Amino acid sequence: MAYRWKNDLTMADVTPKAAYLNRRQILAGTVGLGAIGLAGRASAQGLEPNTLEEITSYNNFYEFGTGKGDPAANAHKLVTSPWSIKVDGMVDRPGDYALDDLLAGLSVEDRLYRFRCVEAWSMVIPWNGIELADILNKVGVQSGARYVAFETVVQPENMIGVQRRVLDFPYVEGLRIDEAMHPLTIMATGIYDEPIYNQNGAPIRLVVPWKYGFKSIKSIVRITLQEDEPPTSWNKANPREYGFYSNVNPNVDHPRWSQATERRIGGGLFAARQDTLMFNGYPEVASLYEGMDLTRFY
Ligand SMILES: Nc1nc2c(c(=O)[nH]1)N[C@H]1C(S)=C(S)[C@@H](COP(=O)(O)O)O[C@H]1N2
Ligand SMILES: [Mo]
């Protein structure tokens with residue numbers, strides 16, 4: 001049996017929905033109670049998950065525009081049903097899988113993860129998802145496969161960002177096979193026990209919590225097992241600024257800004273920036289990079 005990752009943040013850290021809605025009403029309805037919100041977050045030592053509202057309204061999904069509010073405004077146009085995923089390359093059972101067939105029999109787990117965008121903002125998100133390793137084991141990875149490549153759907157008529165060519169689409173990403181097989185790596189299908197919203201990458205998206213957010217590719221329609229390192233969208237767009245690995249690392253600054261700290265979304269106007277943690281607070285992945293110069297393989 002594969003080792004299963006244990007949450008450091010447990011679902012006990014998730015504010016029960018009722019209490020949480022109640023708190024929001026208090027905050028919305030009363031002047032001067034912002035302090036309650038701040039105290040609430042402080043007492044949870046920054047482990048409190050972001051609200052569904054925050055998670056679904058402040059997004060990066062360039063297919064739907066480059067503004068943080070654009071995905072929430074435009075992603076209702078994404079057609080998510082029917083949905084199939086092409087699995088090809090070095091696998092025993094390649095094919096065009098209906099999403100339900102690909103996931104049938106695999107367990108959906110709750111994972112409360114820190115999420116750190118390369119732009120130096122962050123959230124804490126209660127995902128529901130399937131370990132990518134379970135999916136890869138189901139299709140059968142062949143021994144020569146060293147990398148996994150992912151591709152996002154392109155629906156030009158529904159995607160304003162594709163029409164405007166804000167990036168070279170389809171959005172593509174990749175992982176080394178040991179990164180893909182790590183129990184922290186999931187394919188998310190839900191948030192807060194609700195089906196994942198379109199703006200967050202419905203119906204299924206990658207989540208790799210120790211890497212900058214752009215590695216967590218949304219709305220996936222193709223998974224390819226291959227020998228060579230696959231091209232990745234942000235590396236193609238700007239290789240000087242974005243590498244293949246893109247592990248969260250407070251000691252390696254982006255050429256244009258520091259990565260030492262981050263702004264937690266929802267923390268409020270006067271909240272202090274938080275220190276960014278090595279591997280985003282998931283030191284158990286460090287062994288994957290033994291012997292690699294993490295200032296060079298950024
Ligand atoms: N297809 C696709 N996937 C994507 C992106 C994108 O523009 N297109 N943006 C990435 C970036 S930069 C981040 S920070 C996260 C944001 O995920 P969220 O909006 O669910 O918080 O999605 C990543 N996945
Ligand atoms: Mo990002």
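Residues numbered from 1 in each chain as written. Chains lettered and ligands numbered in written order. Predicted model: local features only at pLDDT ≥ 70, side-chain atom pairs only at ≥ 80, totals over all residues. Heavy atoms only, no water.

For the protein chain, the name recorded in an unreviewed UniProt entry is Protein-methionine-sulfoxide reductase catalytic subunit MsrP, with Yoonia litorea as its organism. Among the UniProt annotations of the protein chain, the heading Sequence similarities (unreviewed entry) holds the following wording: "Belongs to the MsrP family." Regarding the protein chain, the relevant UniProt record gives this comment under Subunit (unreviewed entry): "Heterodimer of a catalytic subunit (MsrP) and a heme-binding subunit (MsrQ)." (UniProt positions renumbered as here; feature names shortened; annotations may be inferred.)

Enquirer: How should the UniProt feature "binding site: Mo-molybdopterin" (unreviewed entry) in the protein chain be read in this particular structure?
Expert: UniProt's feature table lists "binding site: Mo-molybdopterin" (unreviewed entry) at Asn-59, Tyr-62, Glu-63, Cys-117, Thr-152, Asn-200, Arg-205, Ser-216, Ile-217 and Lys-218, given in the numbering used throughout. From this annotated list, the subset lining the largest pocket comprises Asn-59, Tyr-62, Glu-63, Cys-117, Thr-152, Asn-200, Arg-205, Ser-216, Ile-217 and Lys-218. By secondary structure assignment, the location of Arg-205 is in strand 9 (residues 205–207). In contact with Arg-205, not counting residues within four places along its chain, are Phe-115, Trp-127, Ile-186, Met-187, Ala-188, Ile-196, Asn-200, Ser-216, Ile-217, Lys-218, Ser-219 and Ile-220. Here Ser-216 shows up in the loop between strand 9 and strand 10 (220–226). When residues no more than four places from it in sequence are discounted, the contact partners of Ser-216 are Phe-115, Arg-205, Leu-206, Val-207 and Val-208. (1 Å grid on protein atoms, 1.4 Å probe; cavity = no way out; pocket = protein on both sides within 12 Å on 5 of 7 lines; lining within 4 Å. Helix = DSSP H or I, 4+ residues; strand = E, 2+ residues; numbered from the N terminus. Contact = heavy atoms within 4.5 Å.)

Enquirer: Any chance you could explain the sheet that holds strand 10 here in plain terms?
Expert: Through backbone hydrogen bonds, the strands of a sheet pair up, either in parallel or in antiparallel fashion. In space, the five strands of this open sheet follow the order 2-1-10-5-6, with mixed pairing throughout. Unpaired on one side and paired on the other, strand 2 (95–98) and strand 6 (172–176) mark the two borders of the sheet. Recorded for the sheet is a direction-independent mean angle of 20 degrees between the axes of neighbouring strands. Judged from the five bridges that link them, strand 5 (residues 147–152) and strand 6 form a sheet pairing that is antiparallel. Looking at the pairing, Glu-151 lines up with Val-172 of strand 6. (Pairing = 2+ DSSP bridges. Axes fitted to C-alpha atoms, helices over the stretch in contact; angles between N-to-C directions.)

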